[in-house]
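Notes for the structure review
Letter by letter, the chains look like this.
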Amino acid sequence: EKGGYDHFMLKEIYEQPSAILDTFRGRLLSNEAIIKMAGVEDNMKKFLAADRIIIVACGTSWHAGLVAEYIFEDLARIPVEVEYASEFRYRNPVITEKDIVIAISQSGETADTLAAIKLAKSKGAFVFGVCNVVGSTIARETDAGAYTHAGPEIGVASTKAFTTQITVLTLIALRLARAKGTMSSSEFRQHLIELETIPSKVEEALKSDAYVQTVAEIYKDSKNCLYLGRGYNFPVALEGALKLKEISYIHAEGYPAAEMKHGPIALIDEQMPVFVIATKMGHYEKVVSNIQEIKSRKGKIIGIVTKGDKSVKELADHVIEVPETLECLTPLLTTIPLQLLSYHIAVMLDKNVDQPRNLAKSVTVE
Ligand code: F6R
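We now turn to the structure provided with this report. (Residues numbered from 1 in each chain as written. Predicted model: local features only at pLDDT ≥ 70, side-chain atom pairs only at ≥ 80, totals over all residues. Heavy atoms only, no water.)

1. Re the overall build of the chain
Quick note on the threshold: The helix count covers DSSP runs of H or I at least four residues long, the strand count covers runs of E at least two residues long, and both are numbered beginning at the N terminus. The globule rule used here is 2.2 Å times the number of residues to the 0.38 power, and the radius of gyration it is set against is calculated over C-alpha atoms. When accessible area is computed with a 1.4 Å probe and restricted to protein chains, residues below 20% of their type maximum are described as buried, those above 50% as exposed, and intermediate ones as partly exposed. Contacts were defined at the residue level, with two residues in contact if any of their heavy atoms lie within 4.5 Å. Under the convention used here, a 1.4 Å probe and the Shrake-Rupley method define accessible areas, while residue burial counts only the protein chains that appear. Charge convention: Lys and Arg are scored as positive, Asp and Glu as negative, and His as well as the terminal groups of each chain are ignored. For charged residues, the charge sits on one atom: NZ in Lys, CZ in Arg, CG in Asp, CD in Glu.
On a plain count of helices and strands, the chain comes out with 15 helices and twelve strands. Its C-alpha radius of gyration of 20 Å places the chain within 12% of the 21 Å reference for a compact globule of 366 residues. Principal-axis analysis of the C-alpha atoms places the extent of the chain at approximately 55 × 45 × 45 Å. In the chain, which comprises 366 residues, the share counted as buried stands at 58%. Contacts in the chain between residues at least 24 apart in sequence constitute 75% of all its contacts with a sequence separation of at least 6. A total of about 14,700 Å² of accessible surface is found on the chain, and carbon and sulfur atoms cover 49% of it. Charge separation in the chain, taken as the distance between the mean sites of 41 positive and 47 negative side-chain charges, equals 2 Å.

Structure follows, in structure tokens:
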């Protein structure tokens, strides 16, 4: 059942190329330069009339929502707010009929997310679900939706659900961008062609596994770790930190790289590994200067960089390469080595990777 892998988590990490392919199969038609998603098409008027999109989710799905915020605003120019479902539901939030609420949930059973969509519906908002489990409660309670088609995710730590959620949300953003005219047809086509190459680029990113293991060996006894990113890769930093916390029980925090100087830089010393996502596209020079600040305080730097990178390589203690892609698609690649890193550290520390203590796969109580 684990297909020759030691753990479901590793199997699911390695399934990502095919899971992402399954997510856009039949939806992304690059020859015809169209995206076909019934849940979006049937409700296009509502999407185009929306004042804003509110994304509600928990945990890793909330991180996918944060990536989607960048994509929707950047490509489709629709204002987006991303909310923890647990906070949103109790805040007496301002919601109107002109809002679209997108609920993201792998299991489709998360109690707080379900309560958030019920609240949104009661205020007249149109609610769209992005779920993995077909026929799940959230999938049934929403007005429309799009499944991720990642296949069953058994490991408690979410991996392929995250990358396929981002894939679905990217498809939706691109479809809306085209409908709204915020993207030219050639840009649109370029994005479709590039998105189609992602499964093979994820495959290539997975080849860093052996090197990631050597990095894991070096840092596995750390008491704390920091994860930094900017722009599209800020949520990836949060997700990297969550993956490490939940399966290895090492304290980790994700931050937008530029926030370091507002406090967390005080934590830096020679004991502190700092994982910095520093891909070539987007804010590269700024991230390089953030790395210099950490280095001058003797922090250990592990860079997640674009293949062929030079500047970070000169400064960092280690670099892990991912293939080049469009900036908005980088999270689909930079996430991969961070998943592998958490996995290997947890295995080396002899933790229960697939069923970490105190956690359940679906959180049906608040
Ligand atoms: C982390 C993880 C959790 C879930 C969260 C939401 O690896 O799995 O943080 O992402 O409990 O679950 P879903 O997506 O099922 O609503």
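Resuming the write-up.
2. Details of the sheet that holds strand 6 (residues 126–131)
Inclusion rule: Strand pairing is assigned whenever DSSP detects at least two bridges linking the two strands. To define axes, lines are fitted to C-alpha atoms, for helices over the stretch in contact only, and angles between the resulting N-to-C directions are given on a 0 to 180 degree scale.
Strands sit in the order 4-3-5-6-7 across an open sheet of five strands; the sheet is parallel. On the outer flanks of this sheet lie strand 4 (80–84) and strand 7 (144–147), each paired with one strand and no other. In this sheet, adjacent strand axes meet at a mean angle of 20° when their direction is disregarded. Taken together, the six bridges between strand 5 (residues 99–105) and strand 6 define a ladder with parallel strand orientation. Looking at strand 6, one finds that I100 is bridged to F126. Along the sheet face, helix 5 (residues 59–76) touches strand 3 (52–57), strand 4 and strand 5 and points at about 175° away from the line of strand 4.

3. Notes on the side chain of S105
What counts, and what does not: Distance and chemistry together define a polar contact, namely a pair of N or O atoms within 3.5 Å, with one atom able to donate a hydrogen and the other to accept it when in protein, and with adjacent residues in sequence counting only for side-chain atoms on both sides.
Relative to the elements of secondary structure, S105 occurs in strand 5. The class of S105 is buried, set by a relative accessible area of 2%. Separated by 2.9 Å, the side chain of S105 and the backbone nitrogen of G108 make a polar contact.

4. Digging into the sheet that holds strand 12 (residues 318–322)
Read from one edge to the other, the open sheet built from five strands follows the order 9-8-10-11-12, with strand pairing classed as parallel. Edge positions in the sheet fall to strand 9 (251–256) and strand 12, since each of these pairs with one other strand and no more. Strand-to-strand, the axes of this sheet are offset by a mean angle of 20°, without reference to chain direction. Relative to strand 9, strand 8 (residues 224–229) runs parallel, the two sharing six bridges. In the strand pairing of strand 9, L226 is matched with E253. In the packing of helix 12 (residues 234–248) onto the sheet, contacts are made with strand 8, strand 9 and strand 10 (273–278), and the angle to strand 9 comes to roughly 175°. Its contacts with the sheet place helix 13 (residues 284–295) against strand 8, strand 10 and strand 11 (300–306), and it is angled at close to 165° to strand 10.

5. Observations concerning the pattern of salt bridges
Note the following rule: One side-chain nitrogen of Lys or Arg within 4 Å of one carboxyl oxygen of Asp or Glu is enough to make a salt bridge.
Per the stated rule, a full pass over the model turns up 20 salt bridges. Between E81 and R52 there is a salt bridge, and its shortest N-O distance comes to 3.1 Å. Of this pair, E81 sits in strand 4 while R52 is found in strand 3, placing the two residues 29 residues apart along the sequence. Overall, E81 belongs to the partly exposed group, its relative accessible area being 33%.

6. Some points on the site of the ligand
Applied cut-off: Neighbouring residues are identified by heavy atoms, a residue being near a molecule or strand if any of them is within 4 Å of it.
Of all residues adjacent to the ligand, which total 13 residues, the nearest are S61, S105, S107, T110 and E246. A distance of 3.1 Å is found between an oxygen atom of the ligand and a backbone nitrogen or oxygen belonging to T60. Within the side chain of K243, a nitrogen or oxygen atom sits 3.0 Å from an oxygen atom of the ligand. Alone, the ligand offers 410 Å² of accessible surface; in the complex the protein occludes 89% of this. Contributing elements (two or more residues each) for the shell around the ligand: helix 5 and helix 12. At three residues, the largest contribution of residues to the shell around the ligand is made by helix 5.

7. Some thoughts on the nonpolar core
Here is the rule: Nonpolar cores were defined as sets of buried Ala, Val, Leu, Ile, Met, Phe, Trp, Tyr and Cys residues, with membership established by side-chain atoms within 4.5 Å.
Ranked by internal contacts, the top residues of the largest apolar core, which has 89 residues, are F72, I102, F128, L176, L195 and Y227. The biggest single contributor to this core is helix 9 (residues 160–180), with ten residues. In contact with F128, not counting residues within four places along its chain, are G39, V40, F47, V101, I102, A103, T142, A144, G145, A146 and I172. Within the second largest apolar cluster, 21 residues are counted, among which are M260, I265, I268 and I291.

On their own, these measurements won't tell you what the molecule is for.
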